Every structure is written in structure tokens, then in C-alpha cells.
Amino acid sequence: MQTSVAIIGAGPAGLLLGHILAQAGVPFVILERSSREHVLGRIRAGVLEQGSVDIVASLGLDANLRERGLEHGGIHLQYEGERRHVDFRELVGRTVTVYGQQALVTDMLAEHERLGSDIVFDASDVSPRGTDGADPVVGYTRDGIRHELHSDFVVGADGYHGICRPSLPSRSLTTYERSYPFAWLGILADVAPSTDDLIYALHPDGFAMHSMRSRRVSRLYLQVEPDASIDDWSDERIWDGLQTRLGVDGWTLEQGPITEKSITPMRSFVTSTLSSGRLFLVGDAGHIVPPTGAKGLNSAIADVALLGRALLEQRAGDDAPLASYSDQALARQWQVQHFSQWMTEMLHVHHEVPDAAARAFRYRSQVGQLEYVTGSQHAMASLAEQYAGLPF
Ligand code: FAD
Ligand code: DHB
């Protein structure tokens, strides 16, 4: 089998790159390890930067997003019982849109199926080779039969646990990472959101956040211990925790049936390069951020926009954008890394610090930071500019 671009992974990054190539008439094949149902069932991120929305729209994939996406002109930052609004529209003239990653993946897959795109689900033992030469090959097994896919380029859109990053020559690779002493417990609940804009709250018990998926479905998160088990968090304990941490005078959190709950570890991770020869990494395959600030999905989209354009320019005879893809994507990514780490440190409680005085000092200085951030036009504008999204 022969194609132009072999894409490994049918997450948001792989599916979006497929659409950029499809629109330009460039042949591609997407190889996905999981089943179609599994890909459609994953509930993850929820906030799209304005630039992400623009790209989805430019590919004509925004019919549902326009109808069901919830545009937000700001967020609430909460601490010490105070809820302060940061108005993105007023500060930087930009907005974000709440639209679940799951919905975006569903839309992109439906359009691929309408176009008849070549997507192979349940592909096991996917293994790229020869990517430093002129004829890369990706081997994979489907229904017990081994296949070989020859291509001009291989794109690793296979997430943090994928096969492509480990396939980069180790001599060219340094990894930078840090973990955090907390995790997020996330729920979906069948209840109308109790807030207009998203709430990010620092509370002595830990961080909490109120997001949403629609006018009838709420998405909420709680900071929990990094080794917390979902079995220890009954629905009642979750609602109590949310009520306490998100509560302010005169406001109550409406509760409803919880339809999904899971715990996500938090990590910052970046590889020193996103390319080697004819292999390119996009999205979580190359970098991970802690979720505070909603940058994971948006970073994947930003990479794909850049790489998609570079692949098209290469076909038109200009190799330079492809050669500079890794440097350009990483330059943007490091700014995003800083923002995500900054939001995370500002809003989470370091329960693990053994010394009570040091713990209290840290907490009080976070409150000071939040007072500054919500009191200074300059600080608020900086937060708004980064949250609504750096240029692609
Ligand atoms: P992925 O979505 O991981 O897609 C990779 C695809 O590659 C998957 O379909 C996988 O099955 C496939 N694959 C993997 N290995 C192979 C292989 N060897 N062969 C073939 N296919 C393979 N971000 C936020 O901004 N906010 C959030 O609230 C948030 N919550 C998250 C919760 C969880 C549990 C996780 C894991 C991530 C979360 N993220 C969140 C991050 C965000 O979802 C990711 O940044 C985004 O999914 C990245 O998209 P991607 O396409 O690069 O990778
Ligand atoms: C959501 C997730 C985030 O990480 C975030 O910062 C905001 C919203 C969400 O899932 O809705």
C-alpha cells in the first residue's frame, strides 16, 4: 500500500490533519490502535481557543460547533469566598468556546466517513520504520493480517503513550518533564450549569472547577491526591467537596445524576524535537500540559495547523516550513507550558508539604497572587490573552 501521509492515531490531532490534507486533495491513511467506539467514547477536554474554532470553521467542520458550542467571554477566578470575573472580551477582544473534545471528534469522524477517508481502526502493532530515509514504511496488523504502508511522510498523532515518540532516534531526543502532587477528579452530571462562565477556585481543601458541556450538562473537577481511587469518591462526597470549594454567599451548586467520573494525573512534558527525517510529532505525542488553563487539545490543534500548512507547502516545492516545523511548534508550546504550570501552581493546594507553616505561607502567597491577578488590568489582560489563545 502507498500513500502520501501516514497518520498514526485518530484522536483530535490525527483526524484534523486528515481534514487539512483531504481539503487539499493529498492522499493519507489514518491508523488507529483502538476501536471506533473507543475513540468516540473518550471524554476529555472542553474549551476551544478562538484560533482553534477558526481552524475548525475554515475546514467546514463547524456546523454543530456553531449550533451547540457555548461562547464564553471570560472566566471567574475564586478564592477566599470571593468570585472575580476576568472579562476576555473587554480585555483582549477575544472569546473561547466550550465544546467537548468528544463532540469535535464525533463531527470530524462523521465528515471523514462521508468523504470516504481511509481510517483503519483496531490496527495493532503499528510500527514505523525507515523514517530517516526516503521511503518510510508503517507496518500494522489488522484481523491477524500484517500490512505495510509506504508513504512520503509519517505523522505521530498517537498521544502520550504512542509508538512514534519512542521511534525518534534517542540521540536527537531530550525530554523535559515534571509531575504534580495532585490529580483531577472529573465528573459529567445531567444538570444545568450553575454558572454563566467557567469558575476556577482556590480553596483550603484544594482546587475546584465548574465547567459545562451544554445548557443541560455540567462538567466539574476537584483536586484530589495523586494516588486517589475513584472508589473512595462516592457521588455524595464529590458533591459535598464541590459545594464546599465552589461555594460563595448567596450561590448554590445545583446537583444532578453523575453520568461519568474519572481521575486524571497531572504532568508537564515536552520533547526537545518534534521531527526527525520524515517523521513528525503533533499533539500529546510531543507534549503534555496539566489541564488547568485548557491547553492540551488546543496545543494539538495548533501543531496540526502548522504541520498541515508545512506539508502542503512542501508539495508546492517549498521545504522550509517543514524544516522549521519543530522549532516553531515548540516555541509556541513552551509559552503554553509556562501558562499551564502558572495557572496550576496559582490554583492548587500543596497538601503534601509537611511543614504547616510553609504550607500556610504558600497558600497565603497564592491568595496574594490571585488578588493581584484579579485586581490589575495588566495582569488580567495577560491571563486573558493566554487563555483565549496565542496566535497560531
Ligand atoms: P490523543 O487524544 O491521545 O489521541 C491519540 C490517538 O492515538 C488515540 O486515539 C490512541 O488510541 C491512538 N494511539 C495511541 N497509540 C497508538 C499506536 N501505537 N498505534 C495507533 N494508534 C495509537 N486537555 C484539556 O485541555 N482539558 C482537559 O480537561 C483534559 N482532560 C484530559 C483527560 C484525560 C484522561 C486525558 C488523557 C487528557 C486530557 N486532556 C485535557 C488533554 C487532551 O485531551 C489532549 O491534549 C488531546 O486529546 C490531545 O489530542 P491528540 O490527538 O494529540 O492525542
Ligand atoms: C475543561 C477542562 C479544563 O482543563 C479547563 O481548564 C477548562 C474546562 C472542561 O473539560 O470543560
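Just above sits the structure.
A short tour of the structure in this document, coming up. Every chain is numbered on its own, with residues counted from 1 as its sequence reads. Chain letters and ligand numbers both follow the written order, the letters beginning at A and the numbers at 1. Local features in a predicted model are, by the rule used here, given only for residues with pLDDT of at least 70; side-chain atom pairs are given and counted only at 80 or more, and totals for whole chains, interfaces and linings are based on all residues. Just so you know, side-chain values use all the structure's heavy atoms and leave hydrogens and water out.

## Topic: the site of ligand 1
Then comes step 1: In the region of ligand 1, 28 residues are neighbours, and Glu-32, Arg-42, Arg-44, Gln-101 and Asp-284 sit closest.
Then comes step 2: Pairing of N or O atoms within 3.5 Å defines a polar contact, subject to two protein rules: one partner must be a possible hydrogen donor and the other a possible acceptor, and residues neighboring in sequence count only if both atoms are side-chain atoms. A distance of 3.2 Å is found between an oxygen atom of ligand 1 and a side-chain nitrogen or oxygen belonging to Ser-34.
Then comes step 3: Take Leu-297: an N or O atom from its main chain is 3.4 Å from an oxygen atom of ligand 1.
Then comes step 4: In isolation ligand 1 has 990 Å² of accessible area, and contact with the protein removes 87% of it.
Then comes step 5: Helix and strand assignments come from DSSP, with helices taken as H or I runs of at least 4 residues and strands as E runs of at least 2, each series counted from the N terminus. At the level of elements, α1 (12–23) and α9 (296–315) are the ones that each hand at least two residues to the shell around ligand 1.
Then comes step 6: Residue contributions to the shell around ligand 1 peak at three residues, all from α9.
Then comes step 7: Partitioned by chemical class, the residues of the shell around ligand 1 number twelve nonpolar, nine polar and seven charged. Being near a molecule or strand, for a residue, means having at least one of its heavy atoms within 4 Å of it. The method behind every accessible area is Shrake-Rupley, applied with a 1.4 Å probe, and residues are considered shielded solely by the protein chains displayed. Only Asp, Glu, Lys and Arg are considered charged in this grouping, and only Ala, Val, Leu, Ile, Met, Phe, Trp, Tyr, Cys and Pro are considered nonpolar; every other residue, Gly among them, is considered polar.

## Brief notes about the side chain of Gln-78
Then comes step 1: Within the element layout of this structure, Gln-78 appears in strand β5 (residues 74–79).
Then comes step 2: Exposed residues in this analysis have more than 50% of their type's maximum accessible area, buried residues have under 20%, and partly exposed residues fall in between, with area computed by a 1.4 Å probe over protein chains only. When its relative accessible area of 2% is taken as the criterion, Gln-78 is described as buried.

## Side note on empty space enclosed by the protein
Then comes step 1: Definitions used for this entry: grid spacing 1 Å over protein atoms alone; cavity, a set of points where a 1.4 Å probe fits but cannot get out; pocket, an open set with protein on both sides within 12 Å along at least 5 of 7 lines; lining residue, one with an atom within 4 Å of a point. Grid points are joined across faces, edges and corners, and a volume is the space filled by probe spheres set on the points. By the definition in use, this model includes two cavities of 30 Å³ or more.
Then comes step 2: Of the pockets and cavities examined, the largest cavity occupies roughly 40 Å³.
Then comes step 3: Lining the largest cavity are Ala-10, Gly-11, Pro-12, Val-39, Arg-42, Arg-44, Gln-101, Gln-102 and Val-105.
Then comes step 4: At three residues, helix α6 (residues 101–115) tops the list of elements feeding residues into the lining of the largest cavity.
Then comes step 5: Class assignment of the residues belonging to the lining of the largest cavity gives a composition of four nonpolar, three polar and two charged.
Then comes step 6: Empty space within the second largest cavity amounts to approximately 30 Å³.
Then comes step 7: What lines the second largest cavity is Lys-295, Gln-335, Val-336, Phe-339, Gln-386 and Leu-390.

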